[in-house]
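Listed below, chain by chain, are the residues.
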Amino acid sequence: MSSAAKILIVEDEAKLAAVLRDYLEQSASYTTHWVDRGDTAMDAFIHEQPDLVLLDLMLPGLDGLEVCKAIRAVSDTPVIVITARVEEIDRLLGLELGADDYICKPFSPREVVARVKAVLRRANTAPDSRVPGGLLVDEEKHAANYKGTGLKLTPVEFSLLAHLAKHPGQIFSRNQLMNIIYPDYRIVSDRTVDTHVKNLRQRLADVAPGEQIIESVYGMGYRLAD
Ligand code: CA
């Protein structure tokens, strides 16, 4: 996988980003995606599903520290933090950002490629741990992504999945789920929930046949495997 890995570069200095992209693409044949602001980084992360993020700390829009926290809240994807000051690294380590490595500016592009390779090698020993369950749900955009594939869901299927994904491992009864998908208290039968869940499971099975992250708990309801 390492030769086709996708690297998201979050760096506001265009020249530096260009050097990194050239180096990562030409010397290591990674694919890259670049954003120059902190506040667009998370959108790019959700859409591009990168294998690794190179994250500058001083960014317009949103600080790199916040970007790192936002990524960690939904994903185990490796993050390499780039900082302008060596002295910062001790402080950063103390913050327990969950970054996988740190690189100081100025750096040589060769050093960056070496670090990227090392971190990816480590990450690839646990292939499915990038995202818990491989599922990413973006409620603002009404977009769900499973194991790197965008899911085409009806609005009801989306609200079901989004609700289950917010509380992995927690069991919800059919009644509770019915209130989520029909907040207007419309009267529908239990079977309606079962039908929507069945369809949702089919969408997930289309992506990963033989695996099922939505579990039915006999006599109780449904939950998302955690
Ligand atoms: Ca910067």
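Please read all numbers here as calculations on a predicted model, not as lab measurements.

Criteria and thresholds
Residues numbered from 1 in each chain as written. Predicted model: local features only at pLDDT ≥ 70, side-chain atom pairs only at ≥ 80, totals over all residues. Heavy atoms only, no water. Pairing = 2+ DSSP bridges. Helix = DSSP H or I, 4+ residues; strand = E, 2+ residues; numbered from the N terminus. Axes fitted to C-alpha atoms, helices over the stretch in contact; angles between N-to-C directions. Contact = heavy atoms within 4.5 Å. Donors = N, O, S within 2.8 Å, 3.2 Å for Na, K, Ca; no water. Buried < 20%, exposed > 50% of the residue type's maximum accessible area, 1.4 Å probe, protein only. Domains from an automatic or database assignment. Buried area = accessible area lost by both parts, 1.4 Å probe. Salt bridge = Lys/Arg side-chain N within 4 Å of Asp/Glu carboxyl O. Polar contact = N/O pair within 3.5 Å; in protein donor to acceptor, adjacent residues only side chain to side chain.

K.L.:
Explain the sheet that holds strand β8 (residues 149-151) here, please?
P.N.:
Strands in a sheet are paired, the pairing made by backbone hydrogen bonds, and the direction either parallel or antiparallel. The antiparallel open sheet is built from three strands, whose spatial order is β6-β7-β8. With one partner strand each, in any of the chains shown, β6 (135-138) and β8 form the two edges of the open sheet. Averaged over neighbouring strand pairs, the angle between their axes works out to 25 degrees when direction is ignored. Direction of pairing for β6 relative to strand β7 (residues 143-146): antiparallel, over a ladder of four bridges. For leucine 135, the partnering residue across the bridge sits in β7 and is tyrosine 146.

K.L.:
Please clarify how the environment of isoleucine 89 should be interpreted in this entry.
P.N.:
Looking at the secondary structure, you find isoleucine 89 in helix α4 (residues 88-94). With 13 residues separating them along the chain, isoleucine 89 and tyrosine 102 place their C-alpha atoms 7.2 Å apart. Excluding its chain neighbours within four sequence positions, the residues that come into contact with isoleucine 89 are Thr83, Tyr102 and Cys104.

K.L.:
Honestly, the coordination of the calcium ion in this entry has me stumped. Any pointers?
P.N.:
Those protein atoms acting as donors to the calcium ion are Asp12 (OD), Asp56 (OD) and Met58 (O), and they sit at 2.1 to 2.3 Å. Look at where the donors of the calcium ion fall in the sequence and you get D-x43-D-x1-M. With relative accessibility at 3%, the residue aspartate 56 sits in the buried group. Since its relative accessible area comes to 65%, methionine 58 is described here as exposed.

K.L.:
Explain the domain arrangement of the protein chain to me, please; I cannot follow it from the model alone.
P.N.:
Looking at the assigned domains, one finds that the protein chain contains domain 1 (6-122) and domain 2 (128-224). Domain 1 and domain 2 are separated by 32 Å when their C-alpha centres are compared. The partner domain 2 presents nine residues to the eleven residues of domain 1 that form the contact. Summing both sides of the interface, domain 1 and domain 2 together bury roughly 920 Å²; the carbon and sulfur share of this comes to 49%. Contact with domain 2 buries surface across domain 1, with Ile46, Gln49 and Asp76 losing the most and accounting together for 53% of the total. Our count for the domain 1 to domain 2 interface comes out at zero salt bridges. Applying the counting criterion to the domain 1 and domain 2 interface returns zero residue pairs in polar contact (both at pLDDT 80 or more).

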